[in-house]
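Structural overview
Chain residues, written in single-letter form:
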Amino acid sequence: LLNAYVDNKKTDGVAVSHRTDSGWSVPQILPIQDFHNHSDFIDYFFSSNGQELLIAVERDDSFGDQDLYVSRKLKDNSWSKPINLGQQINTKHPEFSPFLAADNKTLFFASMGHENYGGADIFYSKRLDSTWTNWSKPENLGPDVNTESFEAYYTIPANGTIGYYVSDKNGRDDSRDIFSITIPYQFRISASAN
C-alpha cells in the first residue's frame, strides 16, 4: 500500500496487508532504513521472491527527479537503505513505475529521460550481476507500445505472453486507460527465478 499509518495517522512509506481467513490484516509499515522522498510522487514494486523492494523516489543522491532504487529485506525483517540503480537506468528526468519480472533480473520501467517518442516511454533492461547497480543499456519497447503520449506501469502476468500498461493515447474521455499487448518475442521472460 502506498503510504503507511502510525496511530491512525498517515505517514510517508509503504505498508503491507495480508489476506487472512477473516479478511485483510491491518496494514503494517515496512521499516526502510534512511527512507526519505523529496518528490510528490512515489512507486513501489515487490520482487516475486519478496526479498527486494524497488522504489521510485527522489532522494539526496538522485541524479535529478525520481530515480529507481532497491531496498533488500534484512534478517530482522527490516529493509536496507535504498540503493540507487545507477546512471545506466536513472537520468536527470523521472524514472518510475518499476516492474521486475519473475527471473529477478529483467526490469521494465517508465522514463522521461531516455531516448523516447515523447512523454514517458516504457523501457527494458537486464541486471548483469548481484550489485543491483550494473544493468544493460535500456531498450525502448518500441512503437507497438510507446507513443508521443504517456505510457507507464507495464506488468506481465505469470503466463508471460500478454503485457498490460497504462497510456493516455486513445484513452476514453482523454483519460489514462489500461491496454494489453501480445509481448514481442524479444521481450518475453523465462519464468525461472534467479
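See the structure printed just above.
Let me sum up the structure you'll find in this document. (Residues numbered from 1 in each chain as written. Predicted model: local features only at pLDDT ≥ 70, side-chain atom pairs only at ≥ 80, totals over all residues. Heavy atoms only, no water.)

Remarks on the overall build of the protein
Helix and strand counts for the protein stand at zero helices and 16 strands. For a compact globule of 194 residues, the expected C-alpha radius of gyration is about 16 Å, and the protein comes in at 17 Å, within 12% of that figure. The principal-axis extents of the C-alpha atoms in the protein amount to approximately 45 × 40 × 35 Å. Out of the 194 residues in the protein, the part that is buried amounts to 45%. Relative to all contacts within the protein whose residues are 6 or more apart in sequence, the contacts with residues 24 or more apart total 38%. For the protein, the exposed surface amounts to about 10,700 Å²; the carbon and sulfur share of it is 48%. (Helix = DSSP H or I, 4+ residues; strand = E, 2+ residues; numbered from the N terminus. Rg over C-alpha atoms; globule rule 2.2 N^0.38 Å. Buried < 20%, exposed > 50% of the residue type's maximum accessible area, 1.4 Å probe, protein only. Contact = heavy atoms within 4.5 Å. Areas by Shrake-Rupley, 256 points an atom, 1.4 Å probe, with all protein chains shown as cover.)

Some thoughts on the sheet that holds strand β16 (residues 177-182)
Overall, antiparallel pairing links the three strands, which are arranged β14-β15-β16 in an open sheet. Edge positions in the open sheet fall to β14 (151-155) and β16, since each of these has one partner strand only. Pairs of neighbouring strands in the sheet enclose a mean axial angle of 30 degrees, with direction left out of account. Alignment of strand β15 (residues 162-167) against β16, held across six bridges, turns out to be antiparallel. (Pairing = 2+ DSSP bridges. Axes fitted to C-alpha atoms, helices over the stretch in contact; angles between N-to-C directions.)

Quick word on the side chain of Glu95
Locating Glu95 in the fold gives a position in strand β10 (residues 95-100). Within the buried core, Glu95 has no salt-bridge partner, and the shortest N-O distance to an opposite charge, that of Lys92, equals 11 Å. A polar atom in the side chain of Glu95 sits 2.8 Å from the side chain of Thr91. Here the side chain of Glu95 touches Ser111 through a polar contact of 2.6 Å, side chain to side chain. In contact with Glu95, not counting residues within four places along its chain, are Ala56, Gln66, Asp67, Leu68, Ile89, Asn90, Phe109, Ala110, Ser111, Met112, Gly113 and His114. (Lys, Arg positive; Asp, Glu negative; His and termini not counted. Salt bridge = Lys/Arg side-chain N within 4 Å of Asp/Glu carboxyl O. Polar contact = N/O pair within 3.5 Å; in protein donor to acceptor, adjacent residues only side chain to side chain.)

Section: unusual backbone geometry
One non-glycine residue, Asp34, lies in positive phi territory at about 50 degrees. With respect to the secondary-structure elements, Asp34 resides in the loop between β5 (28-29) and β6 (43-46).

Brief notes about the nonpolar core
Within the largest apolar cluster, 17 residues are counted, with the highest numbers of intra-cluster contacts made by Leu54, Leu68, Leu85, Ile89, Phe96, Leu107 and Trp132. Listed by contribution, the elements that provide at least two residues to this core are β7 (52-57), β8 (67-72), β10 and β11 (106-111). Considering each element in turn, this core owes the most residues, three residues, to β11. Ignoring any residue separated from it by four or fewer positions in sequence, one finds Leu85 in contact with Leu54, Leu68, Tyr69, Val70, Asn90, Leu107, Trp132, Thr133 and Trp135. (Core = buried A, V, L, I, M, F, W, Y, C linked by side-chain atoms within 4.5 Å.)

Considering the packing of aromatic side chains
The relation between two aromatic rings is expressed through the spacing of the ring centres and the mutual angle of the planes. Under the definition given, this model contains ten aromatic pairs. Grouped by ring-pair contacts, the aromatic residues Phe45, Phe99, Phe108, Tyr124 and Tyr154 constitute a single cluster. The ring of Phe150 carries Arg176 above its face, with NZ or CZ at 3.5 Å from the centroid. (Phe/Tyr/Trp six-rings, centres within 6.5 Å; stacked < 30°, edge-to-face > 60°. Lys NZ or Arg CZ within 6 Å of the ring centre and 35° of its normal.)

As for the pattern of salt bridges
Counted by the stated rule, this structure contains six salt bridges. Between Asp34 and Lys81 there is a salt bridge, with the nearest N and O atoms lying 3.8 Å from each other. With Asp34 in the loop between β5 and β6 and Lys81 in the loop between β8 and β9 (83-84), the pair connects residues that are 47 residues apart, well separated along the chain. Relative accessible area serves as the criterion here: at 41%, Asp34 is assigned to the partly exposed category.

Here we look at the sheet that holds strand β13 (residues 139-140)
Across the sheet, which stays open at both edges, the four strands sit in the order β10-β11-β12-β13 with antiparallel pairing between neighbours. Taken across any chain shown, the strands that pair with only one partner, and hence form the sheet edges, are β10 and β13. Taken together, the two bridges between strand β12 (residues 121-126) and β13 define a ladder with antiparallel strand orientation. Along β13, the bridge assignment pairs Tyr124 with Glu139.

Nothing here speaks to function; it is geometry throughout.
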